[in-house]
Number of protein chains: 2
Amino acid sequence: MRSSVLFYVSYALCLCSGLLCLLFVSVWSSCWRGGFSWDGSALQFNWHPVLMVSGLLVLYGYAAVVYRVPFTWQQKKLTWKLVHAALMLLALILSILGLCAVFDFHRQSHIPDLYSLHSWVGICTVIVFSLQWTLGLWGFLFPCSPLWFPGALKPVHIWMGKAILILSVASCISGINEKLFFTLNGNSSEPYSSLPAEAKFANSLGVLILVFGLVVFGILSKKKWKRPEIETESVHLLPHENSP
Amino acid sequence: MRSSVLFYVSYALCLCSGLLCLLFVSVWSSCWRGGFSWDGSALQFNWHPVLMVSGLLVLYGYAAVVYRVPFTWQQKKLTWKLVHAALMLLALILSILGLCAVFDFHRQSHIPDLYSLHSWVGICTVIVFSLQWTLGLWGFLFPCSPLWFPGALKPVHIWMGKAILILSVASCISGINEKLFFTLNGNSSEPYSSLPAEAKFANSLGVLILVFGLVVFGILSKKKWKRPEIETESVHLLPHENSP
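What counts and what doesn't
- Residues numbered from 1 in each chain as written.
- Chains lettered and ligands numbered in written order.
- Predicted model: local features only at pLDDT ≥ 70, side-chain atom pairs only at ≥ 80, totals over all residues.
- Heavy atoms only, no water.
- UniProt positions renumbered as here; feature names shortened; annotations may be inferred.
- Helix = DSSP H or I, 4+ residues; strand = E, 2+ residues; numbered from the N terminus.
- Expected span 1.5 Å × (residues − 1).
- Buried < 20%, exposed > 50% of the residue type's maximum accessible area, 1.4 Å probe, protein only.
- Contact = heavy atoms within 4.5 Å.
- Core = buried A, V, L, I, M, F, W, Y, C linked by side-chain atoms within 4.5 Å.
- pLDDT = per-residue confidence, 0-100.
- Least-squares fit on C-alpha atoms with pLDDT ≥ 70 in both.
- Patch = residues over 30% accessible without salt bridge, like charges linked within 9 Å, V, L, I, M, F, W, Y side chains within 5 Å.
- Areas by Shrake-Rupley, 256 points an atom, 1.4 Å probe, with all protein chains shown as cover.
- Salt bridge = Lys/Arg side-chain N within 4 Å of Asp/Glu carboxyl O.
- Buried area = accessible area lost by both parts, 1.4 Å probe.
- Polar contact = N/O pair within 3.5 Å; in protein donor to acceptor, adjacent residues only side chain to side chain.
- Phe/Tyr/Trp six-rings, centres within 6.5 Å; stacked < 30°, edge-to-face > 60°.

**With respect to the UniProt feature "transmembrane region" (unreviewed entry) in chain A**
Residues and elements named next belong to chain A.
Stage number 1. As annotated by UniProt and renumbered to match this structure, "transmembrane region" (unreviewed entry) occupies residues 7-29, 49-70, 82-105, 117-142, 163-181 and 201-220.
Stage number 2. End C-alpha to end C-alpha, residues 117-142 measures 36 Å, and it is 96% helix and 0% strand.
Stage number 3. With 100% helix and 0% strand, residues 201-220 has end C-alpha atoms that lie 29 Å from one another.

And the structure:
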């Protein structure tokens, strides 16, 4: 199969599996968990999985592969750096809102924060993501960074970008698993171990998250699909040679 | 910092964090969870985290980076292919034993198998790992595979290798999280949310697993650290040009 055909097949799989993740997490929260509210109740908690899957996983993944789409290669790199940064900022804002949803629910329900391994991994992911976004803005878009900085930052930015994806997948999987144990084994007539419809559905969301994560990861890892570095235009607000 | 110095720092971090993972999971199972047995009791379950972390994560990670160590580049590639395959086989055997431990415990305790998302991700990881090992043996070591096969398999083998690492990290994190909710919220005087010493210790094991996974992933991703493909010797039992 030609490399460009394989790219578009992978890219279509990335877009579709991402949309399916959004659909599944929204249906789970709205149909099985009672919908949404912002009043400190369990309905406020329901924003947490939706916002984390939307921001920290799907939008993050879409933003990460934006440079790989061949039609963007004909256009100025600066334009796509701004698109990449803007999508990542939106992903970060959604993730922080997702954290606010769960912290506010915990506060109202007198549940301690940040005790489970899921919460430790999740909070680390968002902190590393914030750091990555700030350093990226400073190194690749702001004119005030020293000239050596973008070149030194680039390999770290690429590695951290993939690391955040791995952390995000681990956070989502452990979070869905934890939520199912809490709700189905709490006061449900059908415990998790009897694999009721909700458990099958949310487990399938977990599988979709893995598929999405691995497809994004595969697209990022393929050297042939990188944007060719042949342009001579300035790709920085001030001329820096390196960009992610 | 010179690339080779950075490699040895990363490699030392990989070895040390892997050993710390083994130490932490063994101490958790033996000191807090009562030790080991193979009699269908909860003590048999304790083999599960130890064998999965040893096999599916640490030994797998060590085997994955074995080609990156510069002193091996002076030696025949076939030797290190055999070391890689043997270490991976041992990792696979330990993982399968880890699955046997939990299935046997479930059978004796009348607990259903494979209902949680953790178990779905874990079993997928071991199945993909078995497939990867079998295909690798056939493609890169067995003389009976067609000549085109190793070249076609190589990029898939490399991508699947990293994918298994991601799946393995997600399995371990969700499994530790699940076990802590089960045991500490079951009949313990100190629930998980009060963050007793055991919770802090096992959460730290989770953090160590992430550090190990990300370091291995970083070593595998750095192009400069790949074994140079300059040798002319046969690296296959029958001459095949490609190998992982």
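Now, onward.
**Description of helix α1 (residues 3-32) of chain B**
Residues and elements named next belong to chain B.
Stage number 1. With 30 residues, α1 extends 42 Å between its outermost C-alpha atoms, agreeing within 8% with the 44 Å of an ideal straight helix rising 1.5 Å per residue.
Stage number 2. Those residues of α1 lying buried are F7, S10, Y11, C14, S17, G18, C21, F24, V25, W28 and S29.
Stage number 3. Along its buried surface, α1 packs onto α3 (47-64), α6 (149-187) and α7 (197-221).
Stage number 4. Once α1 finishes, G34 follows within two positions and takes phi at roughly 95°, a positive value.

**With respect to the nonpolar core**
The nonpolar side chains of soluble globular proteins are, as a tendency, buried together.
Stage number 1. Counting residues in each nonpolar core, the largest one holds 125 residues, and the members touching the most others are L57 and I209 of chain A together with L57 and I209 of chain B.
Stage number 2. If sequence neighbours within four positions are ignored, I209 of chain B has contacts with C21, V53, L57, C172, I173 and I176 of chain B.

**Digging into the confidence of the model for chain A**
Residue and element names in this part refer to chain A.
Stage number 1. Taken over all residues, the pLDDT of chain A has a mean of 92, while the share at 70 or more is 93%.
Stage number 2. Between the elements of chain A, mean pLDDT differs from a low of 95, seen in helix α6 (residues 149-187), to a high of 98, seen in helix α3 (residues 47-64).
Stage number 3. Interface confidence for the predicted complex, given as ipTM, is 0.93, next to a pTM of 0.94.

**Brief notes about the environment of M160 of chain A**
Residue and element names in this part refer to chain A.
Stage number 1. Relative to the assigned elements, M160 resides in helix α6.
Stage number 2. Residues M160 and F129, 31 residues apart in the sequence, show an inter-C-alpha distance of 8.4 Å.
Stage number 3. With residues up to four places along the chain from it excluded, the contact list for M160 reads Y60, V128, L131 and Q132.

**A short note on the relation of the copies chain A and chain B**
Stage number 1. For the match of chain A to chain B, the screw axis carries a shift of 0.0 Å, the RMSD comes to 0.0 Å, and the turn is 180°. Expressed as a symmetry operation, the mapping of one chain copy onto the other fits a two-fold axis.
Stage number 2. Most of the interface of chain A is mirrored in chain B, where 100% of its interface residues are also at the interface.

**Observations concerning the UniProt feature "domain: Cytochrome b561" (unreviewed entry) in chain A**
Stage number 1. In the numbering adopted here, UniProt assigns the feature "domain: Cytochrome b561" (unreviewed entry) to residues 13-221 of chain A.
Stage number 2. The span residues 13-221 of chain A is 78% helical and 0% strand by assignment, and the distance between its end C-alpha atoms comes to 16 Å.

**With respect to a nonpolar patch on the surface**
Residues and elements named next belong to chain A.
Stage number 1. The grouping of W38, L89, I93 and L97 at the surface amounts to a nonpolar patch, some 350 Å² of accessible area in total.
Stage number 2. By the element assignment, W38 lies in the loop between α1 (3-32) and α2 (42-45).
Stage number 3. W38 sits in the partly exposed class, given a relative accessible area of 45%.

**Points about the interface of chain A and chain B**
Stage number 1. In this assembly, 33 residues from chain A lie in contact with 33 residues from chain B.
Stage number 2. Carbon and sulfur atoms make up 81% of the surface buried where chain A meets chain B, a total of about 3300 Å² over both sides.
Stage number 3. Counting the contacts that link chain A with chain B gives zero salt bridges.
Stage number 4. Between the two partners, chain A and chain B, sit 14 residue pairs in polar contact (both at pLDDT 80 or more).

**Some thoughts on unusual backbone geometry**
Residues and elements named next belong to chain A.
Stage number 1. Even without being glycine, L114 reaches a positive phi, approximately 50°.
Stage number 2. Relative to the helices and strands, L114 resides in the loop between α4 (77-109) and α5 (117-141).
Stage number 3. For L195, which is not a glycine, the phi torsion comes out positive at approximately 50°.
Stage number 4. Along the chain, L195 falls in the loop between α6 and α7 (197-221).

**Digging into the environment of G61 of chain A**
Residues and elements named next belong to chain A.
Stage number 1. With respect to the secondary-structure elements, G61 resides in helix α3.
Stage number 2. When its relative accessible area of 0% is taken as the criterion, G61 is described as buried.
Stage number 3. Sequence-wise, G61 and L165 are 104 residues apart; in three dimensions their C-alpha atoms are separated by 7.5 Å.
Stage number 4. The contacts of G61, once residues within four sequence positions are left out, are F212 and V216.

**Things to note about the packing of aromatic side chains**
Stage number 1. Counting across every chain of the model gives 33 aromatic pairs over all chains.
Stage number 2. Aromatic side chains F7 of chain A and Y11 of chain A sit 5.5 Å apart centroid to centroid with 15° between the ring planes, which places their arrangement in the stacked category. Pair noted here: F7 of chain A and Y11 of chain A are both in helix α1, with a separation of four residues, about one helical turn. Each of the two residues, F7 of chain A as well as Y11 of chain A, counts as buried.
Stage number 3. Plain terms: the ring middles of Y115 of chain A and Y192 of chain B are 5.3 Å apart, the flat faces sit at 80° to each other, and that makes the pair edge-to-face. With one member in each of two chains, Y115 of chain A in the loop between α4 and α5 and Y192 of chain B in the loop between α6 and α7 form a pair that bridges those chains.
Stage number 4. Given the relative accessible area of 0%, Y192 of chain B is considered buried.

**Focus: the pattern of salt bridges**
Residues and elements named next belong to chain A.
Stage number 1. Counting across every chain of the model gives eight salt bridges over all chains.
Stage number 2. Of the charged contacts in the structure, one is a salt bridge between E198 and R33, with a shortest N-O distance of 2.8 Å. With E198 in helix α7 and R33 in the loop between α1 and α2, this residue pair connects regions lying 165 residues apart in the sequence.
Stage number 3. Note on E198: relative accessible area 5%, which makes it buried.
Stage number 4. R107 is paired through a salt bridge with D104; the nearest N and O atoms lie 2.4 Å apart. Of this pair, R107 and D104 both sit in helix α4, three residues apart, roughly one helical turn.
Stage number 5. Three or more residues are tied together by salt bridges with common partners; here these are K77, K154 and E229.

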